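So the chains spell out like this:
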Amino acid sequence: WAYSSDLVAALDRCVEAKSDIVSMSLGGPYWSEFEDEAFTEAFANGVLLVGAAGNDGNTEHSYPASYDAVVSVAAVDRKKNLADFSQRTDQVELAAPGVDIVSTVPCGTSVRKTTPDYDGLDGTSMATPH
């Protein structure tokens, strides 16, 4: 998304469709009052909002995951160690597998071959759907 209005419009479509859960694999460094208010309202109306914490491996906030109304998800490896790329903010509430996760990406289009047919991917976006 490039504009707050695009993100809020997508959230509004989810709410209008009566979504119970909105899972977001996107993020950026800027807080927006417009977005924050929209997520707060959706949450207050019973929508569970889940967002990828970010992949910069630091303690900087990434939005929308760092809004109070959004559950921020970090990534861990198979040994349950926090992935070195995963954000480490005070907004992170959950951690889930996010290293070498088998994806629907066909073999040869990613960094590694995890199965004969599909590649593995890393990221908080891989952890968020768990």
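S.K.: Explain the overall build of the protein to me, please; I cannot follow it from the model alone.
M.R.: In terms of helices and strands, the protein carries three helices and seven strands. Starting at the N terminus, the α and β elements of the protein follow one another as α-β-α-β-β-β-β-β-β-α. For 130 residues, the compact-globule estimate of 2.2 N^0.38 gives 14 Å, and the protein sits close to it at 15 Å. If you line up the protein on its principal axes, its C-alpha atoms span 45 × 30 × 25 Å. Here the protein holds 130 residues, and 38% of them are scored as buried. When contacts within the protein are restricted to residue pairs at least 6 apart in sequence, long-range pairs at least 24 apart make up 53% of them. When the accessible area of the protein is evaluated, it comes to approximately 7600 Å², of which 52% is carbon and sulfur surface. For the protein, the distance from the average site of its 8 positive side-chain charges to the average site of its 20 negative ones is 14 Å.

S.K.: Looking at this structure, I do not really get the sheet that holds strand E3 (residues 70-76). What am I missing?
M.R.: Strand pairing in a sheet relies on backbone hydrogen bonds, with the paired strands running either antiparallel or parallel. The strand order across the open sheet built from four strands is E1-E2-E3-E4, with neighbouring strands paired in parallel fashion. Both edges of this open sheet fall to strand E1 (21-24) and strand E4 (92-97), since each of them pairs with a single strand only. Neighbour to neighbour, the strand axes of the sheet diverge by 30 degrees on average, direction disregarded. In this structure, strand E2 (residues 48-52) lies alongside E3, joined through four bridges in parallel fashion. Directly across from leucine 49, in E3, lies its bridge partner valine 70.

S.K.: When you look at the nonpolar core in this model, what are you seeing that I'm missing?
M.R.: If you look at soluble globular proteins, the nonpolar side chains tend to sit buried side by side. Ranked by internal contacts, the top residues of the largest apolar core, which has 14 residues, are Leu11, Val22, Met24, Phe39, Leu49 and Val70. For this core, the secondary structure elements donating two or more residues are helix H1 (4-16), E1 and helix H2 (33-44). In contact with leucine 49, not counting residues within four places along its chain, are Leu11, Val22, Met24, Phe39, Ala42, Phe43, Ala69, Val70 and Val71. With eight residues, the next largest nonpolar core counts Val50, Phe85, Ala96 and Ala127 among its residues.

S.K.: Looking at this model, I keep getting lost on the packing of aromatic side chains. Mind explaining?
M.R.: To describe a pair of aromatic rings, you give the distance between the ring centres and the angle between the ring planes. In this structure the tally under the stated criterion is two aromatic pairs. Ring plane angle 45 degrees and centroid distance 4.8 Å describe the contact between tyrosine 63 and tyrosine 67, whose orientation is recorded as tilted. In this structure tyrosine 67 comes out as buried when scored by relative accessible area, which is 1%. Taken together through their ring pairs, the aromatic side chains of Phe39, Tyr63 and Tyr67 make up a single cluster.

S.K.: For this particular structure, what's the right way to read the pairing of E1?
M.R.: In regular strands, side chains alternate between the two faces of the sheet. Going residue by residue along E1, you find Val22 and Met24 tucked away on one face and Ile21 and Ser23 left uncovered on the opposite face. Relative to E2, E1 runs parallel, the two sharing four bridges. Looking at the pairing, isoleucine 21 lines up with leucine 48 of E2. You can see the chain leave E1, run along H2 and come back into E2, and the turn it takes is right-handed.

S.K.: It is not clear to me how the packing of H1 against H2 should be interpreted in this structure. Could you clarify?
M.R.: The axes of two packed helices give the description: the angle between them and the distance between them. Running from N to C, H1 and H2 point in directions that differ by 10 degrees, and their axes come no closer than 9 Å. As judged from the angle between their axes, H1 and H2 are roughly parallel. In this structure, H1 uses Ser4, Ser5, Leu7, Val8, Leu11 and Val15 to contact H2, whose residues at the interface are Phe34, Glu35, Ala38, Phe39 and Ala42. Among the residues making up the contact of H1 with H2, the classes are represented as eight nonpolar, two polar and one charged.

The rules behind the values
- Residues numbered from 1 in each chain as written.
- Predicted model: local features only at pLDDT ≥ 70, side-chain atom pairs only at ≥ 80, totals over all residues.
- Heavy atoms only, no water.
- Helix = DSSP H or I, 4+ residues; strand = E, 2+ residues; numbered from the N terminus.
- Rg over C-alpha atoms; globule rule 2.2 N^0.38 Å.
- Buried < 20%, exposed > 50% of the residue type's maximum accessible area, 1.4 Å probe, protein only.
- Contact = heavy atoms within 4.5 Å.
- Areas by Shrake-Rupley, 256 points an atom, 1.4 Å probe, with all protein chains shown as cover.
- Lys, Arg positive; Asp, Glu negative; His and termini not counted.
- Charge placed at Lys NZ, Arg CZ, Asp CG, Glu CD.
- Pairing = 2+ DSSP bridges.
- Axes fitted to C-alpha atoms, helices over the stretch in contact; angles between N-to-C directions.
- Core = buried A, V, L, I, M, F, W, Y, C linked by side-chain atoms within 4.5 Å.
- Phe/Tyr/Trp six-rings, centres within 6.5 Å; stacked < 30°, edge-to-face > 60°.
- Right-handed = clockwise from strand over helix to strand, strands pointing away.
- Parallel < 35°, antiparallel > 145°, perpendicular 65-115°, else oblique.
- Nonpolar A, V, L, I, M, F, W, Y, C, P; charged D, E, K, R; others polar.

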